[in-house]
Amino acid sequence: VDRTNKTKIMNRSLGLVSTALLAASAMAWTTSPTPLTSRTRFIANNNNVMQRTNVQLQMAIDYNDPVVAEEFALVQTMEYDDVVEELMEKGIPPSPSLSDMDIKLMLVEVRLRFSGKL
């Protein structure tokens, strides 16, 4: 009887500790003092005085942009295996849960970002 009570107490304690650790790790990813989409940049004005400005990062590509449309047309004709192979060559393994179109769109964005067009 004494051994089963100790086991129950240990299991309950481990459950509480693991729940606390899980919550703490989730908070580390979700609460940030500044949004991840903005960065601070210092720019010198005419008097060589450094001024602080916030810069918004573009997190999505505009599919109406002619540069994006042109790259998408090139990628759209590629076979699935070729798209995955090119992504792997660039060090980006596509998730198995993504559809063919999502992986092709990922390659479009990767190509544009690697070429400096985005």
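> It is not clear to me how the overall build of the chain should be interpreted in this structure. Could you clarify?
Scanning the chain from N- to C-terminus turns up four helices and two strands. Taken from the N to the C terminus, the helices and strands of the chain come in the order α-β-β-α-α-α. Taking the contacts inside the chain whose residues are at least 6 apart along the sequence as the reference set, 35% of them involve residues at least 24 apart. For the chain, the accessible surface area stands at approximately 9500 Å², while carbon and sulfur atoms represent 58% of it.

> Would you mind going over the confidence of the model for the chain with me for this structure?
Should the pLDDT be low somewhere, the predicted coordinates at that spot are not to be read in detail. Across the chain, the average pLDDT comes to 75, with 57% of residues at or above 70. Per-residue pLDDT, averaged within each element of the chain, yields its smallest value for strand β1 (residues 38-44) (56) and its largest for helix α3 (residues 80-89) (95). Within the model, pLDDT remains below 50 along residues 27-37, and this stretch shows five contacts once partners closer than five positions in the same chain are excluded.

> Sorry if this is basic, but what is going on with the pattern of salt bridges here?
Side-chain pairing between opposite charges can occur once the charged atoms of the two side chains come close. What the rule picks out here adds up to three salt bridges. When the shortest N-O distance is used, the salt bridge between Glu109 and Arg113 registers 3.0 Å. Placement of the pair is Glu109 and Arg113 together in helix α4 (residues 100-115), with a separation of four residues, close to one helical turn. With relative accessibility at 25%, the residue Glu109 sits in the partly exposed group. In this structure Arg113 comes out as partly exposed when scored by relative accessible area, which is 37%. Through salt bridges that share partners, Glu71, Glu86 and Arg111 make up one connected network.

> Just to check I follow, could you spell out the side chain of Glu71 for this structure?
Topologically, Glu71 is positioned in helix α2 (residues 66-76). The contacts of Glu71, once residues within four sequence positions are left out, are Val108, Arg111 and Leu112.

> What exactly am I supposed to notice about the nonpolar core here?
The tendency in soluble globular proteins is for nonpolar side chains to be buried as a group. With 14 residues, the main nonpolar core has Val83, Leu87, Leu107 and Val108 as its most contacted residues. Elements supplying a minimum of two residues to this core: α2, α3 and α4. Residue contributions to this core peak at six residues, all from α4. Apart from the residues lying within four places of it in its own chain, the contact partners of Val108 are Ile61, Val68, Glu71, Phe72 and Val75.

> How should the packing of α3 against α4 be read in this particular structure?
When two helices pack together, their arrangement is given by the angle between their axes and by how far apart the axes lie. Their axes nearest at 10 Å, the elements α3 and α4 cross at an angle of 40°. Judged by the inter-axis angle, α3 sits oblique to α4. You can see that α3 and α4 cross each other, and the crossing is left-handed. Counted together, Tyr80, Val83, Val84, Glu86 and Leu87 of α3 and Asp100, Ile103, Lys104, Met106, Leu107, Val110 and Arg111 of α4 form the full contact between these two elements. Here the contact of α3 with α4 is built from residues that sort into eight nonpolar, no polar and four charged.

The rules behind these values
- Just so you know, the residues in each chain are numbered from 1, in the order the chain's sequence is written.
- With pLDDT at 70 or above as the cut-off, local features in this predicted model cover only qualifying residues; side-chain atom pairs require 80 or more to be listed or tallied, and sums for whole chains, interfaces and linings still use all residues.
- Side-chain numbers come from the whole structure's heavy atoms, not from hydrogens or water.
- Under the DSSP-based scheme used, a helix requires at least four consecutive residues in state H or I and a strand at least two consecutive residues in state E, with every element numbered from the N terminus.
- In what follows, a contact means two residues having at least one pair of non-hydrogen atoms within 4.5 Å.
- The protein chains shown are the only cover counted for residues, whose accessible areas, like all others here, come from Shrake-Rupley with a 1.4 Å probe.
- What pLDDT reports is the predictor's confidence in each residue, on a scale of 0 through 100.
- Within this document, salt bridges are pairs made up of a side-chain nitrogen of Lys or Arg and a carboxyl oxygen of Asp or Glu, the two lying within 4 Å of each other.
- Burial classes follow relative accessibility: with a 1.4 Å probe on protein chains only, a residue under 20% of its type's maximum area counts as buried, one over 50% as exposed, and anything between as partly exposed.
- Side-chain atoms within 4.5 Å are what join buried Ala, Val, Leu, Ile, Met, Phe, Trp, Tyr and Cys residues into a set we call a nonpolar core.
- With axes taken as lines fitted to C-alpha atoms, and helix axes fitted only over the stretch in contact, angles between N-to-C directions fall between 0 and 180 degrees.
- An angle below 35 degrees is read as roughly parallel, one above 145 as roughly antiparallel, one from 65 to 115 as roughly perpendicular, and any other as oblique.
- The hand of a helix crossing depends on one turn: near helix anticlockwise from the far one by less than a right angle means left-handed, and clockwise means right-handed.
- Think of it as three bins: nonpolar holds Ala, Val, Leu, Ile, Met, Phe, Trp, Tyr, Cys and Pro, charged holds Asp, Glu, Lys and Arg, and polar takes everything else, Gly as well.

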